[in-house]
Structure formats: structure tokens, C-alpha cells
Number of protein chains: 2
Amino acid sequence: MDYKKIDKYDIDFLVSICTKDRVFVGEEINEDFSHDELAGIKKYPEVLVEVLSTEEVSKIMKYAYKNNIPVTPRGQGTGLVGAAVPLYGGIMINMSNMNKILELDEDNLTLDVEPGVLLMELSKYVEEHDLFYPPDPGEKSATIAGNINTNAGGMRAVKYGVTRDYVRALEVVLSNGEIISVGGKVVKNSSGYSLKDLIVGSEGTLGIVTKATLKLLPLPKKSISLLIPFVNLEAAIETVPKIIKSKIIPTAIEYMVKDVILASEEFLGMKFPDSSADAYLLLTFDGNSTQEIEKAYEKVAHICLDSGAFDVLISNTQERQDSIWKARGAFLEAIKASTTEMDECDVVVPRNKIAEFVKFADDLQHKCNIRIKGFGHAGDGNLHIYILRDELDDNTWNKKLDEVFKLMYSKAIELEGKVSGEHGIGYAKRPYLKSSEGELMMNLFKNIKLSFDPKNILNPGKVF
Amino acid sequence: MDYKKIDKYDIDFLVSICTKDRVFVGEEINEDFSHDELAGIKKYPEVLVEVLSTEEVSKIMKYAYKNNIPVTPRGQGTGLVGAAVPLYGGIMINMSNMNKILELDEDNLTLDVEPGVLLMELSKYVEEHDLFYPPDPGEKSATIAGNINTNAGGMRAVKYGVTRDYVRALEVVLSNGEIISVGGKVVKNSSGYSLKDLIVGSEGTLGIVTKATLKLLPLPKKSISLLIPFVNLEAAIETVPKIIKSKIIPTAIEYMVKDVILASEEFLGMKFPDSSADAYLLLTFDGNSTQEIEKAYEKVAHICLDSGAFDVLISNTQERQDSIWKARGAFLEAIKASTTEMDECDVVVPRNKIAEFVKFADDLQHKCNIRIKGFGHAGDGNLHIYILRDELDDNTWNKKLDEVFKLMYSKAIELEGKVSGEHGIGYAKRPYLKSSEGELMMNLFKNIKLSFDPKNILNPGKVF
């Protein structure tokens, strides 16, 4: 693609919009901005600019559009597929200082936020008002716009759904700098094509989200977690469809294995309540009374015991629950700390196919002679599986990674799964999306992209 | 638009695909196929063809694409905005005989259906399996694909959301006859743009839905309705934001006024439990135990009594509930039967603006000297307001209708509402969508339309 290179005049323009202290070039740009969390690819922007308002974003996009300069929006860089890496240089817009909570509307149960609000701040704020923002990805220091752009799901998707379900409206700057509002503070909407739903999950390729109106729920009054040890992973995972079939819907159903728990204990320097078994299910139930929750989990506890669980460990105090979920939240970091480099597979499969996929991935360790560690959202079929480099040389690592990925993604497609459950496609997963969706779908994606961004300047090289 | 006219060769082709007994021309076409439920516009297709499979639809679309023939898909014709009226003649595809329930997957809580399955058959089927399809529009004889194409919401949207939230996957025939699958039997998905969410609500303009995979929930074990009489409509509706704010979420919150109830009693020949008050709220609560439900509704009952309700009439038997909801379901038909012709306004406003809008609409009766009757989903801000022709002559009717609509839609936009909550735009509401969304958004809609349907042969003249 033939983009204009950044020159002195471009820098002067950006300084005129954002002042000098928010425009960075060359060595002023921190290394962090050249990669995301998994850092499989590295590339610096030609210029980094911190924005504080929608108007600034709009002015920058108008200029970039006129001058054919690629623009990559970036939040906290917690992505795992290179979606926020500026592949073609150009301008990177750091959105993370647009981080104000704008308005809590208790009449309509909505919250207006700027894009850079962190997930952990958001949930703290609403919970202080006895309200609830259900999406709960492991990475709490991600921005809300990052979550919106990948349609993140998190732990509670089993019961509550994903980020898209909680976005009522967006303010978006288009590639030509025009500002649009999509959706509204309304519960229903059948007024033209749902651009709101299209922009959610579009990884910054269709527009830059500058404001979001989120749907909130009343905060459930109680929550109880069950940690359930099983003889092995297969027994644990095969229990999941039985739980779903029982017509009791837990808030979360996670699975975890002993060595990931041990890695997390070491990483956090903190004991997990139990690490004697090879595999565990971790379930949460929420509701408005202990009695109501107990009734639900008793049935599920029996299903687990009938399916070979050793025990059912009930965490009904906030403290015990926090310690378990803190460990769960650290799994990614703990696995990362245990190796030199890693890459991940974030497939989602129908819930009754999880056991088959997990077994398949586990067997690849021996077949391909490489360490593979995983955990995931057993209740919604979304697995996070990490391939670890350890001491492999460049050549072997790249070859093995390619081999393992091809096998994993083919298996996922065979099981009627999808390439990504919540981390997105970005740069790293493009070939797998293409082989999974086919030429016809990719052409529809491209046509839609061109409808929004005819010059292909918004986060180019991502998704396809 | 310059479409090919249907000739003998086209008919021969359709007969070769669907056999002679499923192809209708000229006087063989029943009058029903020239309009929808509100019949503001009337136009016959040049040929009507009944399809039985995706392959037939695909072959017809390939032919239509090649020959530049407009195609209008149609279900039961229960729409209210002319979306299924073949404005440009051409081929009408009657989808209503593709009406098989294909697969209930209890492991994944999904149901695969053909497009012509009726909403009442669908809910009956899943409830027999102790499962629940939450969307519940008043018109139970609509097809599921009709509901998908308008993103219908219905009564239970307050708690459960709208049709889009329950569509996991779609099989769709594109304008060129290609068949695509969007979404999947998966709970999360971040694999490219969400075409599934774009096609839901697109009123047959982007593709023809030939199969849907729906998300189901466990059936709530109990449900209790409260009928709450108020001194007047204002008092009733002003109570709604207080209920939402109380952090108790009922399944449904409907409002109704005395003369609509009386019309319904007359239409059904059946007494409503109470018709002494000027206005009512009708609330439903569902859950897994009577105790849990009682706890929720007690709080809400107190809020209502504190806000001037005369009484709280509890319907805890299935029989009493059915009689109330049957009357509610007949409101549209009852109002229609009370006049010569009518047209409707299906705006949605933020929930805390409903009272203001309803009062505004009510005042228009006097201001414009025309009968206006309404009811609606007070809990989600979606109002169904009907303007009645009675004995007005053509000229006066058209003038008044235009005047009333302009005032109503302007008011809705002023309150940050949307033109349609669930009935869609179709033919009738296009000018209001345009003035509400503006040129920029309309251009995005058009570009997306052309991405899917470059020859504009699929349901042309609708939405924009």
C-alpha cells in the first residue's frame, strides 16, 4: 500500500492540534508502543499522538484522510494478536488519556464512558452504585474501547453474554474524520442497519470509538464459587455439557489444570486453595439470595460428583473467592513467565465439543514435541491455549508454531468452531480467518471495510 | 430503477425449479400477497413462487441476478411498514412453506429452524422441552425470519433483550445466489465483522434468511403478572423509571388505557379482569420459585402504590394470566377493527422519556383533531401509537397523517429516540429514517447495501 510518509509538516500539524507535549517522534516513542502483549510482531509508528477529545481525533483523521496517512488507534496494548501494532508506520493515536466516566444514568441503567476507561475502574465504579457491568475478561487493565473492538467475552459470558450485548451506543470517528453516533440509549432499535453491532468487534478498522454508552444491570446481591477437583482434565470437561443440559446456568464455568495452577502459585507467591488434583472446574453462581444460589449449585454439585469429581469446595466468603479468581486472572501472566516466548490460540467451539478439542490440543504436545498449556472458559467453549517456545531456536520455533496452529485451527473448524472467541484476528490470525471463512466471506468483509474506509487508512493490514 | 420485466421464459425457468403448482402469475396470485398487515401500499408481484429449500432460493437468486429481476422475500405478511410489498413487481418468494423445526441441540441450548416457522409454533415446541425462546412480539403468527428481519423485540425485552440477542447463526442466500453461513453454534465470536448482527434487522435487503440457529434459555419455572390500575396515564407511565431505578427488572412492563381495553373486550367478546381505571401498568415477573418472584414484585408493588396506583391485582394462575395477555395480544386488531384504516408509529425513546412522549402523542389528538390510540412496551421505551382514519376523506387523511407523523417523529428524535423500535423501516418509514439519521449515515447504509447487493435487486425500495 502506498501511504504518505510522515514529514515535518505533518508533525507541525499534529502539534498544532494536540500541543507539543502530546506528540512523540523517533526515540521519544516508548518501546511499548511498538508491540502488544504477545509481541509476535514489532513496529514503531512514525509519530505517536495522545488525544484528549473526539474533536482532536476528528481533526487528525481529516488530515490523515486528505494526506493518505495510515492511522492506528491504541488503548493499553493488552491485545494478543497484534491488532494495535502500526504495521505501516504512520500515526498512532494513543486513546488511553480519554479516560473519563461521563454519565451514570440510573433511570435508563446506562453508563457513558470515554474509550480509555480501564475495565477495572469501570467495574469498581458501577459496583459502588450497586450496578453491574457483566463482561469480565481476565485482563482488567484493558480499556473499554479495546474490549469493544475485540468484542471481548470473559468469564461471565455463560450467563450474561459478551461485550456487544452491553454496548447500547457508540460515538465513532470515521476514516474521513466525520463523527457518527450509532445505536442509542434505547432498549430496542430497528432503524436501519445496525452499524453499532458491526463496529463492535471490528478491531479499529471501521472507525475510532470515542465514546460508548454501556448497558448495566442491577448488581446481583450474592455470589458463590465452587472449586471442583476431578481425576483428570477429560472427566472435568466432559461434565460441562451435562451442567448446561441440566438447565441451571452458572455465571461462569472455567477449567484449569494442575501445572497451570502451580505456575500461578509461583507467579503470585500465593497458595491456591487446593492443587492436589490434576484438573478442576471453577464455577460461579450469582443471584439475589444465598438460598436461591444454593438451590442452583446443589443440583450442579451432584452432577459433578456423579461425573467423578473428588469433592466440591465451596467459597462463600468474598475473601476466598477473591483468592481463587485472582489466581485465575494470573494464568496468562504465569504461563508467560514460565517460558521465553509464547503464542496463543483463542478458538471457540460449540460447548459439547470442548472435551474433544482440549484433548486434541493436549495430544499435540507429544505429537509435535512442544509444550502447550491451556485454560479457558469451558462454559462458553472459548479456550485459551498457549504454545511455549522455551529454548527452541528461531527456525524450529516458527516451523513448529506454524504446524501446531494449522492443526489446531483445522480441528476447530472441523468441530464447527471459530478462529477467535474474543481476542480477535488482528495481524496474527489473518491466514486462519481466511481459510476458515473462505473467499466469499472475506470479500464481503473487504467491501464493508471499503464502505467505511475507502482509502484503507484505518488500522490497515488487520483482520484481512 | 431499470429492471427486466417478467416474461414467459422467466416463468418457464421458475416452473423448472419449483414445479408448476408452486408458481403463480396474474389472477392466480391471491390479493394477500399485494400488501402487508397495514396495507398502506399495495402492489402485486409479477410472479409468486413458493420455495421449499435453500437450493431453490439460491437457483432463483442466481437467475434473478443474471437477469436483473427484483426479488421480494415474504413470510406471513404480518409486517406493518410495507417491507414485504414488491414495489417493483418482479419475483416474490413465499418462504412460508419452509417451516420445519430442524434440530434441538440440548447440549448447546440451540434450535435450528427454517425461516417460515411461526413464532407460536416455535415457543410451543421449546416450552414442551422445558426451554425458552424469550422474544415475544404480540403477533404470534409471524414467521421467525420475519422477526429476524425486523429484529422484533416484543414484551419481554425489558429483561431478556431482542431477537438479535437470540440469533446465534444464519444461513443466508445472497443477491447473486451464493449461500453463506454467518455466526455459529458458539457463545462467543470475534472472527471478522459480525455479518450475523448486520443481517438481523436488515428487512430482506441484504440477503434471504433460509435457516436460523437460535439461542434458548432454560424455561423459568414460574411467572406472575400484576395488573395495576392508576388514576391516569401520566401517573402510570411516570412510575416506570422508578421501577427500573429500583434495580428490580420485571420480565415485561406494558401500559394500556381504558378505551383500548374496552375495544379489546368488544373485539374478543371477553371481559378484562378490570376496566374501571383510566390507565394500567401490566407487569410480569418470572423466576424459578414463587418465593423469589414474590420478593421481587413486593418491592415493585410498593413503588406503584406510592406513585398513586389504586390497587395491585395479582394473577398467579395460568388461566388468569392467559386472559390478560390474550387481551393485550389483541390490542392491535381491536384498534384496527374500531376504524376504517390506520397507520402506526413505532418509535422507541429512552425509558425515562416515555411519559413525555406519550403525553405529547395524546395531546396531538386535540391539536390535529384526529383519533390517536396507543399502547406499548413501557419497560423498554417502545411505543405503538395508531392514527385512525375514521371517516376522513383521502385528502384530509393523507394531510393529517403526514402532519401527525412529522410531529411525532421530530419529538422522538428530540428525546434521543429512534424511528423504529421493532417494526422496521420498510417502505413507509423511509423519510423519517432519513431525517433522523442524516445523509452521512444513509450513505453508509447504501454502501453496505451495495456490498451485498450490487445490482439492488433484493427487496429494492426498502429502508432507504
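Note that this is a predicted model, so its numbers are computed, not measured. (Residues numbered from 1 in each chain as written. Chains lettered and ligands numbered in written order. Predicted model: local features only at pLDDT ≥ 70, side-chain atom pairs only at ≥ 80, totals over all residues. Heavy atoms only, no water.)

**A short note on the pairing of strand 18 (residues 382–388) of chain A**
Residue and element names in this part refer to chain A. Which entries qualify depends on this criterion: For every residue, the accessible area (1.4 Å probe, protein chains only) is compared with the maximum for its type, and the residue is labelled buried under 20%, exposed over 50%, or partly exposed between those bounds. Numbering of helices and strands runs from the N terminus; a helix is a DSSP stretch of H or I covering at least four residues, while a strand is a stretch of E covering at least two. At least two bridges found by DSSP between two strands is the condition for calling them paired.
Among the seven residues in strand 18, seven count as buried, and that is most of the element. On strand 18, burial covers both faces: N382, H384, Y386 and L388 on one face and L383, I385 and I387 on the other are all buried. Bridge analysis of strand 16 (residues 342–345) against strand 18 gives four bridges, and the strand direction is antiparallel. Looking across to strand 18, one finds that E344 is bridged to Y386. Taking the residues that link successive antiparallel strands as the turn, the strand 17 (residues 371–377)-strand 18 hairpin has four residues, and the phi of G381 there is positive, at about 80 degrees.

**Details of the domain arrangement of chain A**
This is how it is decided: Domain start and stop points were drawn from an automatic or database domain assignment.
Partitioning chain A into structural domains gives domain 1 (101–218), domain 2 (222–332) and domain 3 (339–371 + 382–422). Taking only C-alpha atoms into account, the centre of domain 1 of chain A sits 30 Å from that of domain 3 of chain A.

**Some thoughts on the sheet that holds strand 5 (residues 101–105) of chain A**
Residue and element names in this part refer to chain A. The test is simple: Only the stretch in contact is used when fitting a helix axis, every axis being a line fitted to C-alpha atoms; angles between N-to-C directions are given from 0 to 180 degrees.
Pairing in this open sheet of five strands is antiparallel, and the strands run 5-6-10-8-9 from one edge to the other. Each edge of the sheet is formed by a strand with only one pairing partner; in this case those strands are strand 5 and strand 9 (179–183). This sheet shows a mean twist of 15 degrees between the axes of neighbouring strands, independent of strand direction. The pairing of strand 8 (residues 167–173) with strand 10 (residues 208–215) spans six bridges and is classified as antiparallel. Directly across from V173, in strand 10, lies its bridge partner I208.

**Let's talk about the relation of the copies chain B and chain A**
Under the convention used in this document: Only residues with pLDDT of at least 70 in both copies contribute their C-alpha atoms to the least-squares superposition of the copies. By definition in these notes, contact holds between two residues if any of their heavy atoms fall within 4.5 Å.
You can overlay chain B on chain A at an RMSD of 0.0 Å; the transform is a turn of 180 degrees with a shift of 0.0 Å along its axis. What the rotation and shift describe, once combined, is the action of a two-fold rotation axis. By residue overlap, the copies meet face to face through one surface: 100% of the interface positions of chain B are interface positions in chain A.

**Structural notes on the environment of A355(B)**
Residues and elements named next belong to chain B. Mapping A355 onto the fold places it in helix 13 (residues 354–368). The sequence separation of A355 and F464 amounts to 109 residues, and the corresponding C-alpha distance is 30 Å. Aside from chain neighbours lying at most four places away, what touches A355 is I237 and E238.

**Brief notes about the sheet that holds strand 6 (residues 110–113) of chain B**
All names here are of chain B. Here five strands make up an open sheet; going across it, the order is 5-6-10-8-9 and the pairing antiparallel. Pairing within the sheet leaves two strands with one partner each, and these edge strands are strand 5 (101–105) and strand 9 (179–183). Within the sheet, the average angular offset between the axes of one strand and its neighbour, ignoring direction, is 15 degrees. Bridge count between strand 6 and strand 10 (residues 208–215): four bridges; the pairing is antiparallel. Counterpart to D112 in the pairing with strand 10 is T213. In the packing of helix 2 (residues 54–67) onto the sheet, contacts are made with strand 8 (167–173), strand 9 and strand 10, and the angle to strand 8 comes to roughly 45 degrees. Lying on the sheet, helix 3 (residues 119–128) is in contact with strand 5, strand 6 and strand 10; it crosses strand 6 at an angle near 140 degrees.

**Focus: the packing of aromatic side chains**
Residues and elements named next belong to chain A. Filter applied, for reference: Pairing of aromatic rings covers Phe, Tyr and the six-membered ring of Trp, with a centre-to-centre limit of 6.5 Å; geometry is then stacked below 30 degrees between planes, edge-to-face above 60, and tilted otherwise.
Within the structure shown, the criterion is met by 27 aromatic pairs over all chains. The interplanar angle of 65 degrees and the centroid separation of 5.7 Å between the aromatic rings of F405 and Y432 together place this pair among those described as edge-to-face. Of the two residues, F405 sits in helix 14 (residues 394–414) while Y432 sits in helix 15 (residues 430–452), which places them 27 residues apart along the sequence. Judged by relative accessible area, which is 4%, F405 ranks as buried.

**Quick notes on the UniProt feature "domain: FAD-binding PCMH-type" (unreviewed entry) in chain A**
Cut-off, in case you're wondering: UniProt positions are given in the numbering used here, feature names are shortened, and annotations may be inferred rather than shown by experiment.
If you check UniProt for "domain: FAD-binding PCMH-type" (unreviewed entry), the listed places come out as residues 41–219 of chain A in our numbering. In residues 41–219 of chain A, helix accounts for 22% and strand for 25%; the two terminal C-alpha atoms are 40 Å from one another.

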